[in-house]
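Structural overview for review
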Amino acid sequence: MQESETSLPLPQRLLAAAVVVTALYFGQDLLIPLALATLLAFVLAPLSEGMRRLGIPRAVSVIAVVLVTLGALVGLSLFMAGQVRELGKELPTYQSNIATKFDRLRAHLRAPGVFSEASRVLDAVESEIAQTQGQLEQGSAPAQRRPARVEVVPVTPGAYATVGLWLERFGPPAAIFATTLIYLVLVLLNPGDLRDRLVRLLGGSVHRTTDALNDAGQRVTRYLTMQLIVNLCYAIPMAAGLWLIGVPGALLWGLVSAVLRFIPYVGALVGAVFPLMLAVAVDPGWSMLLWALALIAVLELISNNIIEPWLYGASTGLSTMSLIVAATFWTALWGPVGLALSTPLTVCLLVFGRHLPQLAFLDVMLGSRPALEPSTRMYQRLLAGNSADAIELADEAVDATSPRQFYEDVGIPVLRMATVDHRSQEASAEHRHRVVSGMSAVIEELRTRFPAERPEVPLEALCIGSRWTVDTLGAGMAAHALALDGVAARAATTAAGTVTAELIASLGSEGAKVFVLSYFSPTPQEHAQYFARRLKRRWPDSKVVLALWNVEGAEIAAWPIADWGVDAAVGSINALVTEVSARLDRVGAVGWTPAQFRDEDEERVRALRESGMLDASLRGTFDSAARRAADIFDVPTAMITLIDDQWQYNHGDSTQSGRTGTGDPERGPERSVSMCGHVVVGGAVMVVPDVQRDPRFAGNPVLMESEIRFYAGAPLRDAEGHVLGTLCLHDTEPRTMSLRDARLLESLAEEIMAPLRKRTVSPAPPKGADAQVDAVDPERA
């Protein structure tokens, strides 16, 4: 089912936002208890579900969980109230300390000094002004009677008035508590009903809405759990440290800090004020206050810089600015309760924005992920004429990867966007000038930071911008990437434009071993054909490689480039480096990374042969598991591969639906060229969004022949942890895979291996002999 995603005009969006905010404000009496109940349900639902798995009825498990929670809250409240009462009894004994300290402070402030003299002068001037003003008023105004002092004596309220005051003070909190408790019980008793109604209200794709609700629940639960752990890691050292320092009620202040830290920003400050004030009151001097202040400062530094980043990670996905804005927004709407709920509520909004297209703006506004892709960010800085920011972005990207990968992921895509905007006439002449000059500065900066040219070495590759200025910039990136790979390469300083005899003569008498012609035009056939033939006519032994930055790989493969005199055509920097290295017959320049071997590989191969996974009876089971994975991830091919010391064996294939359920594993490529071999060595899920743009695999001859563009593989582990093979996905088009999907792929691999681990398998017979093993249940695999 295809859904239409319509965008409302801006006035309607603003009106809808105003209506929502108004409803949140005026409906807070109803919405606050519902929000609190939902938040508590995230925490208590796993406990209730755990009791249900033990065979306890849902109603009994819900009531038990709620009663235990209420008991814990009441017990904690009574304990804290008792501690506060004990401290209240001792406060009069601290009165003399407080009075003595204030007397000393007052005497210190009254001591003569520069500020006291200035204050005395100001007091004298103010007194003169007041006296003069009084004399003027007495001379102009008639004498008036002095007002009499009146004292209002309050009337002692009666019993009914006292009850009314108590209800007015404690009635609203009690109503919120009771309503929250009722909502909580109802949500825990029937969680599916609330989920169904949310799915219906949010509309759109049921898959997306379900993912959004699951993601929101997991994130909120993880956030609350991590917040509890962080608060306990703060409160326990806090209570122990205050006890060692001698501050009364140390355990109480530790509990108070643990509870108040659930409130963002304000809670930590308020929790620190109470022990500091008590330290001032208890100690006749100031040492206890200083020690308590140092303790709190050290704990805050450790908590904020070590514990919280370590435990939280990306649990919320919110940016720092969005957290502050959300805290202000929800506090303005719902007061202190809104401040406590601000982070969980904003996390839910963020998750809905990530999964539901109609709310995608929430992800942009609240998320911690960059709002723009790296290439788009760079393009925007160039359009704005901010070359300094563009260079800074380039430096950050290069520090994280390499200049070659920066050209691949950012540089070429930026020029591709500039070409598209130029053809659609969206870019003005000023914009084109800014992009060209800014990108030239970026390339020059990277050349300066990573010098690689070798003038003393004979020229091996000459990169030429074929028609436009952006072609010349692409040639400059290609030349630098080749030089960093050890090729003696340089770029022509100007675009070729029209191919003339003068242009050919300007390339020198020796020419180059390889000519790289850079094109951003989507239709370069005629120009490339003529240019290549002229180069071949002048230097017959040279190779010509087309760098077609704006043409898809499938379209390149369909062109008869050999008839044009072109030796190869590529569409990416990594593929270009591989192709040029191959044309130069460079020793050791394979253009891809062979799969390596681990030290314990001999033991792993022995475990594979003794596991029974090579048995012919498992082929049908593995075919079914591969088809299931292909259906789940919507890919053309899924395979179950097994890796021995030399070869990759394919024992399950989603595309082989008609073959019999028994058969020996089919030998595939050598292990060194196998992508699954990398998974065996790495021991973790490996995702390659675009094989042609990955320097590990761009020049892999087997992958180039099979036209695989996307790969994802999860390890198949035995009971001892040996990686015997992979469950892998293939696609002929580039694609991405989320972390959630990668974990699902790993889970499917685990499901395949789980029944195999439980079997007791005798040592396998010699290679070539039949091994009799039990088949695995296809439904479980």
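Since this is a predicted model, take the numbers as computed values, not measurements.

A short note on the sheet that holds strand β3 (residues 514–519)
Judged by pairing direction, the sheet is parallel, and its five strands sit side by side in the order β2-β1-β3-β4-β5 without closing on themselves. Two strands in the sheet have a free side with no partner beyond their single neighbour: β2 (489–491) and β5 (568–570). The sheet shows a mean angle of 20 degrees between the axes of neighbouring strands, direction not considered. The sheet strands contacting helix α22 (residues 573–583) are β1 (461–465), β3, β4 (543–548) and β5, and the helix crosses β5 at an angle near 160 degrees.

A look at the nonpolar core
Among the nonpolar cores identified, the biggest contains 47 residues, and Met-378, Phe-406, Met-439, Leu-482 and Val-580 are the most heavily contacted of them. With eight residues, the top contributor of residues to this core is helix α18 (residues 469–484). In contact with Met-439, not counting residues within four places along its chain, are Met-378, Leu-382, Gly-411, Val-414, Leu-415, Leu-473 and Met-477. One finds Met-613, Ala-629, Ala-712 and Ala-749 within the second-largest nonpolar core, a separate group that totals 30 residues.

Observations concerning the layout of surface pockets
Space inside the second largest pocket adds up to approximately 1,800 Å³. Taken together, 44 residues make up the lining of the second largest pocket; nearest its centre are Leu-40, Leu-73, Leu-76, Val-259 and Phe-262. Listing elements by their share of the lining of the second largest pocket, those giving two or more residues are α2 (28–53), α3 (58–90), α6 (159–189), α8 (206–245), α9 (250–260) and α12 (320–355). If one sorts the elements of the lining of the second largest pocket by residue count, α3 sits on top with 10 residues. Among the residues making up the lining of the second largest pocket, the classes are represented as 38 nonpolar, six polar and no charged.

Comments concerning the pattern of salt bridges
Overall, the coordinates contain 18 salt bridges when judged by the stated rule. We note a salt bridge from Asp-645 to Arg-609, for which the minimum N-O separation is 3.6 Å. Taken together, the residues Asp-645 in the loop between β6 (637–643) and β7 (647–653) and Arg-609 in helix α23 (residues 601–611) connect sequence positions 36 residues apart. Residues participating in the shared-partner salt-bridge network are Glu-49, Arg-52 and Arg-58.

Considering the sheet that holds strand β10 (residues 710–717)
Strand order in the open sheet made by the six strands is β8-β7-β6-β11-β10-β9, with antiparallel pairing throughout. What marks the edges here is a single partner per strand, and that holds for β8 (666–670) and β9 (686–688). Across this sheet, the average inter-strand angle for adjacent strands is 30 degrees, counted without regard to direction. Two elements, β9 and β10, share three bridges in a ladder whose sense is antiparallel. Each residue of the ladder has a partner; that of Met-686, found in β10, is Gly-713. Where α23 meets the sheet, it contacts β6 and β11 (723–731), and its direction lies at approximately 85 degrees from that of β11. Strands β6, β7, β8 and β11 of the sheet are contacted by helix α24 (residues 619–633), whose axis makes an angle of about 75 degrees with β7.

Thoughts on unusual backbone geometry
For Asp-634, which is not glycine, the phi torsion reads 55 degrees and is therefore positive. With respect to the element layout, Asp-634 can be found in the loop between α24 and β6. A relative accessible area of 63% means that Asp-634 is categorised as exposed.

Here we look at the packing of aromatic side chains
Evaluation of the coordinates by the stated rule reveals seven aromatic pairs. Judged by centre distance (5.2 Å) and plane angle (55 degrees), the ring pair of Trp-330 and Trp-334 falls under tilted. On the criterion of helical spacing, the pair formed by Trp-330 and Trp-334 is a turn pair, its members being four residues apart in helix α12. You'll find Trp-330 and Trp-334 in the same group, each marked buried. Taking 6.3 Å as the distance between ring centres and 40 degrees as the angle between the ring planes, the aromatic pair formed by Phe-520 and Trp-549 counts as tilted.

The rules behind the values
Position labels on residues start from 1 in each chain and follow its written sequence. Where local features are concerned, this predicted model is filtered to residues with pLDDT of at least 70; where side-chain atom pairs are given and counted, the filter is 80 or more; whole-chain, interface and lining totals use all residues. Remark: hydrogens and water are excluded; side-chain values derive from all non-hydrogen atoms of the structure. Only strands joined by at least two bridges in the DSSP assignment are considered to pair. Only runs of H or I of at least four residues qualify as helices and only runs of E of at least two qualify as strands under DSSP, and these elements are numbered from the N terminus. Fitted lines through C-alpha atoms serve as axes, helices being fitted only where they are in contact, and the angles separating the N-to-C directions of these axes extend from 0 to 180 degrees. Between two residues, a contact is recorded if the distance between any of their heavy atoms is within 4.5 Å. Residues belong to a common nonpolar core when they are buried Ala, Val, Leu, Ile, Met, Phe, Trp, Tyr or Cys residues joined through side-chain atoms within 4.5 Å. Note on classification: 1.4 Å probe, protein chains only; a residue is buried when its accessible area is under 20% of the maximum for its type, exposed when over 50%, partly exposed between these limits. Think of a 1 Å grid over just the protein atoms. A cavity is a set of points where a 1.4 Å probe fits yet cannot get out, a pocket is an open set with protein on both sides within 12 Å along at least five of seven lines, and lining residues have an atom within 4 Å of a point. Grid points are joined across faces, edges and corners, and a volume is the space filled by probe spheres set on the points. Gly counts as polar in this scheme, as do all residues outside two lists: the nonpolar Ala, Val, Leu, Ile, Met, Phe, Trp, Tyr, Cys and Pro, and the charged Asp, Glu, Lys and Arg. Think of a salt bridge as a Lys or Arg side-chain nitrogen and an Asp or Glu carboxyl oxygen that are within 4 Å of each other. Between 30 and 60 degrees the pair is tilted, below 30 it is stacked and above 60 it is edge-to-face, where a pair is any two Phe, Tyr or Trp rings, Trp via its six-membered ring, whose centres lie within 6.5 Å.

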